[in-house]
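Residues per chain, in single letters:
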Amino acid sequence: MSIPDSYDEMPTPSTSALAAVPVRKKSWVEKTPVLKELRQSVGLQRGMLVTGLVITVAFILVAVLAPVLAPYSWAQQQTADGQSFGTQQAPNALNILGTTVSGFDVLSRVLWGAQTALLVIIAAIACSIFIGIALGLISGYFGGWLDRILVVVADAIYAFPSLLLAIVMSIVISRGQSTLWGGIMATAIAITVVFVPQYFRVVRSEVVRVRAEPFVDSAKVIGVPTTRILLRHVLRNSTRSLPVIITLNASEALLTLAGLGFLGFGIEATAAAEWGYDLNRAMGDVTSGIWWTSVFPGVAIVLVVLGVTLVGESLNDLADPRLRLRRRAGGKKKSGAADAGSGAASEGAQS
């Protein structure tokens, strides 16, 4: 191929070639928080995330389909034709996982307990996010004496033992009345008091960083209302780490719910099925060799907490830029070693 002698002889690019290339819009898969991190994960990280997602999705499906999957109601002690289950019965054809000391079907209690746990987790996280984000946004943006008071109160609540605080709030809210929705909301609000300082501190620190950005100052200069600045500019750039906190708090909410039920401050058996309460009632069965009343609720708690924790920890690792750089550096070292090995092999073959 001949080389042109001057720039005048070089071909002139067409107008279409000089046109700007349109920016590709991201699909919904690339925008969804968990799915986006799933595409970025590799190796063991992806295995942990996939395992956690499978367990979490299975838990949600069981909770939603509990009325269909459960053979009996959570407080049912006999069949439709009047045949009694009996107490502490071993697994049999009528009760696949046996019965409890109160004569309830263990399988039904475990399946309905998933629904109770999911409702409490959703209610607690929803209330915590709303209150925590609102307080963190106002405190971090305006500052002043209100910021100092909120920080002191949040630190005091955060330093208090979470389970003990949840017990106190549960007693104050429920007042011994543990109906289905009353007990769920009382437990959710008790957990909310524990979680609000976490969301407050995270959102406040992000808001303090974002309010000093040039685009916020530009919005103030052109006269954008404060409410619009808070919601459209500051809030949208201050909630990047919330998906990670939500997943980690979901497992903590389940453990707090189980702890309240185990200590007798949760939902009663006749109001709803709850795994912590079932474990409490099964304590006397362990020494008698009756294992089925405690094993299945305990395994359910462990599996759900494990699945949600795996998702939360995987998202936390993928959100950390230092870990991403470390993985890239490791990949470059491996590729460099492979190139060096192939070069040495080719030199040996030539010799």
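Going along each chain's sequence as written, the residues are numbered from 1 onward. Predicted model: local features are reported for residues with pLDDT of at least 70 only, side-chain atom pairs are reported and counted for 80 or more only, and whole-chain, interface and lining totals are derived from all residues. Hydrogen atoms and water are omitted, and side-chain values are computed over all heavy atoms in the structure.

Caption draft 1: Structural view of the side chain of aspartate 285. With respect to the secondary-structure elements, aspartate 285 resides in helix H14 (residues 283-286). An unpaired buried charge is present at aspartate 285: no salt bridge exists, and arginine 281, the closest side chain of opposite charge, is 7.9 Å distant. Each residue touching aspartate 285, except ones within four places of it in the same chain, is listed here: Gln88, Val101, Ile290 and Thr293. Think of it this way: any DSSP run of H or I at least four residues long counts as a helix, any run of E at least two long counts as a strand, and we number them from the N terminus. A 1.4 Å probe rolled over the protein chains alone gives each residue an accessible area, and that area as a share of the maximum for its type sets the label: buried under 20%, exposed over 50%, partly exposed in between. Charged residues are defined narrowly, with Lys and Arg counted positive, Asp and Glu counted negative, and His plus the chain ends left uncounted. When a carboxyl oxygen of Asp or Glu lies within 4 Å of a side-chain nitrogen of Lys or Arg, that pair is called a salt bridge. Only heavy atoms enter the contact rule, under which two residues are in contact if any of them lie within 4.5 Å.

Caption draft 2: How the structure looks around unusual backbone geometry. One non-glycine residue, glutamine 88, adopts positive backbone phi at about 55°. Relative to the helices and strands, glutamine 88 is located in the loop between helix H5 (66-69) and helix H6 (106-142). By relative accessible area, which is 29% here, glutamine 88 ends up partly exposed.

Caption draft 3: Broad picture of helix H11 (residues 226-234). Of all the positions in H11, only Ile229, Leu230 and Val234 are classed as buried. One face of H11 carries all of its buried residues, which in axial projection span an arc of 95°. The arc in question is the one traced by the directions running from the helix axis out to the C-beta atoms.

Caption draft 4: Representation of the nonpolar core. Judged by nonpolar contacts, the single largest core of 61 residues is most densely connected at Phe59, Ile121, Tyr141, Ile229, Val234, Leu254 and Trp275. Excluding residues that lie within four positions of it along the chain, tryptophan 275 makes contacts with Phe59, Arg109, Val110, Gly113, Ala114, Ala117, Leu254, Pro297, Ala300, Ile301 and Val304. Throughout, nonpolar core names a set of buried Ala, Val, Leu, Ile, Met, Phe, Trp, Tyr and Cys residues whose side chains join them through atoms within 4.5 Å. Leu49, Val244, Val311 and Leu315 belong to the second-largest nonpolar core, a separate cluster that totals five residues.

Caption draft 5: A look at the packing of aromatic side chains. Two aromatic rings, drawn from Phe, Tyr or Trp (for Trp, its six-membered ring), form a pair once their centres lie within 6.5 Å of each other, and the interplanar angle then sorts them: stacked below 30 degrees, edge-to-face above 60, tilted otherwise. One pass over the structure, following the stated rule, counts five aromatic pairs. With a centroid separation of 4.6 Å and an interplanar angle of 55°, the aromatic rings of tyrosine 72 and phenylalanine 85 are classed as tilted. Residue tyrosine 72 is located in the loop between H5 and H6, and its partner phenylalanine 85 is located in the loop between H5 and H6; the two are separated by 13 residues in the primary sequence. Residue class for tyrosine 72 comes out buried when judged on its relative accessible area of 16%. What links up through ring pairs into an aromatic cluster is the set Trp291, Trp292 and Phe296. When the NZ atom of lysine or the CZ atom of arginine is within 6 Å of a ring's centre and also within 35 degrees of its normal, the charge is said to sit over that ring. Cation over ring: arginine 201 sits above tyrosine 158, and NZ or CZ is 4.6 Å from the ring centre.

Caption draft 6: Representation of the environment of valine 305 in the model. Structurally, the position occupied by valine 305 is in helix H15 (residues 292-319). Since its relative accessible area comes to 15%, valine 305 is described here as buried. Distance in space between the C-alpha atoms of valine 305 and serine 251 is 5.0 Å, their sequence separation being 54 residues.

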